[in-house]
Amino acid sequence: MIVEQLKRIKDTLPPEVCLVAVSKFHPAESIREAYDAGQRVFGESKAQELVQKKTLLPDDIQWHFIGHLQSNKIKYIVPFVAMIHSIDSFKLLAEVDKFAAKENRIINCLLQIHVAKEETKFGFSPDECVGMLREGLWRGLKNIRICGIMGMASLTEDQTQIREEFATLASLFRDLKEMFFADDAAFKEISMGMSHDYQLALEKGSTMVRIGSSIFGERVY
Ligand SMILES: *Cc1c(COP(=O)(O)O)cnc(C)c1O
């Protein structure tokens, strides 16, 4: 089942788009099935769950952290995490840098941007993000690498609204690239699109989709 669904999704993705298989709330055995079918990039949203699963699974998995990251959990994931999608403040970025320095690592990070209507979603507003980058303190952080942005569209049936929100993210990405990262090849990712809206995200230029339930089935909380 997982293998078929993974393949079905894969077949709809352009080859250059990275599939982050979101395995939160699903057991290590399910991840193993996807792994055996060739999937190597997995997304988790809780530090403790991620650390536990990592110990049970092969070392060549690239673990992406996609959930809200509390400062006191950073140290658990920094030794091995491949990318953090959910940097939502300069303070968090600086904290990740600090722990990454101790581990002698450079951590790939995405800036999470809030464009959805829901109040509860974390992230910078586009203006806050520009403001943070303009301030420039991030340039002194040597153990993080800003690789792009991540965002979520509103939970709505309104495809026009979802398209608009993804277009806003893509346009912000282009602005940031021009203003701050023109000479930085690493700044290239737009992480947007989930099970129900990733086709729309691809239309707007997503480079990374984070897909959970369409691969692993519904989550049981
Ligand atoms: C859970 C989650 C996903 C995956 O959602 P699905 O609807 O299961 O595809 C993607 N991104 C983030 C940030 C998530 O928390």
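Provided above is the structure to which this section pertains.
All of the points below concern the structure found in this document. (Residues numbered from 1 in each chain as written. Predicted model: local features only at pLDDT ≥ 70, side-chain atom pairs only at ≥ 80, totals over all residues. Heavy atoms only, no water.)

1. Quick notes on the site of the ligand
The line we're drawing: Nearness of a residue to a molecule or strand requires only that one of the residue's heavy atoms be within 4 Å of it. Within 3.5 Å is the distance limit for a polar contact, defined as a pair of N or O atoms, with the added protein rule that one can donate a hydrogen and the other accept it, and that residues adjacent in sequence qualify only through two side-chain atoms. Note on areas: Shrake-Rupley, 1.4 Å probe, and residue coverage restricted to the protein chains presented here. Each residue is assigned to one of three groups, with Ala, Val, Leu, Ile, Met, Phe, Trp, Tyr, Cys and Pro labelled nonpolar, Asp, Glu, Lys and Arg labelled charged, and all others, Gly among them, labelled polar.
Taken together, the residues surrounding the ligand are Val22, Lys24, Ile66, Met152, Met194, Ser195, Arg210, Ile211, Gly212, Ser213 and Arg219. Within the side chain of Lys24, one N or O atom sits 2.6 Å away from an oxygen atom of the ligand. The backbone of Ser213 places a nitrogen or oxygen atom 2.8 Å from an oxygen atom of the ligand. Notes on the ligand: free accessible area 390 Å², of which the protein chains cover 90%. Taken together, the residues of the shell around the ligand sort by class into 5 nonpolar, 3 polar and 3 charged.

2. Observations concerning the nonpolar core
Selection rule: Definition used in this section: a nonpolar core is a set of buried Ala, Val, Leu, Ile, Met, Phe, Trp, Tyr and Cys residues joined via side-chain atoms within 4.5 Å. Throughout, exposure labels follow a simple rule: accessible area from a 1.4 Å probe, protein chains only, divided by the maximum for the residue type, with under 20% read as buried, over 50% as exposed, and the rest as partly exposed. Numbering of helices and strands starts at the N terminus; helices are DSSP runs of H or I of at least 4 residues and strands are runs of E of at least 2. Contacts were defined at the residue level, with two residues in contact if any of their heavy atoms lie within 4.5 Å.
Among the nonpolar cores identified, the biggest contains 67 residues, and Val96, Leu111, Leu133 and Ile149 are the most heavily contacted of them. For this core, the element with the highest residue contribution is helix H7 (residues 159–180), accounting for 8 residues. The contact partners of Ile149, leaving out residues within four places of it in the chain, are Leu110, Leu111, Ile113, Leu169, Leu172, Phe173, Leu176, Phe187, Glu189, Ile190 and Ser191. Membership of the second largest hydrophobic core comes to 5 residues, among which are Met83, Cys147, Met150 and Met208.

3. Thoughts on the pattern of salt bridges
For clarity, the threshold we go by: Every case where a carboxyl oxygen of Asp or Glu lies within 4 Å of a side-chain nitrogen of Lys or Arg is listed as a salt bridge.
In this structure the tally under the stated criterion is 10 salt bridges. Here Lys53 makes a salt bridge to Glu44, at a shortest N to O gap of 2.8 Å. Here Lys53 matches Glu44 in class, with each residue buried. Residue Lys53 pairs with Glu49 through a salt bridge whose shortest N-O separation is 2.7 Å. One end of the pair is Lys53 and the other is Glu49, both in helix H3 (residues 47–56) and 4 residues apart, which spans about a single turn. Across the pair, exposure class does not vary: Lys53 and Glu49 are buried alike. If you follow the salt bridges from partner to partner, you end up with Glu44, Glu49 and Lys53 in one network.

4. Here we look at the packing of aromatic side chains
What counts is decided by this rule: Within 6.5 Å between ring centres, the rings of Phe, Tyr and Trp (the latter by its six-membered ring) count as paired, and their orientation is classed by plane angle as stacked under 30 degrees, edge-to-face over 60, tilted in between. Charge-over-ring placement is defined geometrically: NZ (Lys) or CZ (Arg) within 6 Å of the ring centre, and within 35 degrees of the ring normal.
Going through the model one piece at a time under the given rule, you end up with 4 aromatic pairs. When the ring of Phe42 is compared with that of Trp63, the centres are 6.1 Å apart and the planes differ by 45°; the resulting orientation is tilted. Here Phe42 is found in strand S2 (residues 41–44), whereas its partner Trp63 is found in strand S3 (residues 62–65), with 21 residues between them in sequence. We classify Trp63 as buried; its relative accessible area is 1%. When the ring of Trp138 is compared with that of Phe181, the centres are 5.1 Å apart and the planes differ by 40°; the resulting orientation is tilted. Here Phe181 lies in the loop between H7 and strand S7 (189–191) and Trp138 lies in the loop between helix H6 (126–135) and strand S6 (144–152), a separation of 43 residues in the sequence. Ring pairing ties together the aromatic residues Trp138, Phe173, Phe181 and Phe187, which thus form one cluster. The ring centre of Tyr35 lies 3.6 Å from the NZ or CZ of Arg40, which sits over that ring.

5. Considering the packing of H6 against H7
Filter applied, for reference: Orientation is described by lines fitted to C-alpha atoms, with helices fitted over the stretch in contact, and by angles between N-to-C directions that extend from 0 to 180 degrees. Put simply, angles under 35 degrees are roughly parallel, angles over 145 are roughly antiparallel, angles from 65 to 115 are roughly perpendicular, and the rest are oblique. The handedness criterion is simple: a crossing whose near helix is rotated anticlockwise from the far helix by less than a right angle is left-handed, and one whose near helix is rotated clockwise is right-handed.
One can describe the packing of H6 onto H7 by two numbers: an axis separation of 11 Å at closest approach and a directional angle of 15°. The angle between H6 and H7 falls in the class roughly parallel. The crossing of H6 and H7 is right-handed. Across the interface between the two elements, Pro126, Cys129, Val130, Leu133 and Arg134 from H6 touch Leu172, Leu176, Met179 and Phe180 from H7. Taken together, the residues of the contact of H6 with H7 sort by class into 8 nonpolar, no polar and 1 charged.

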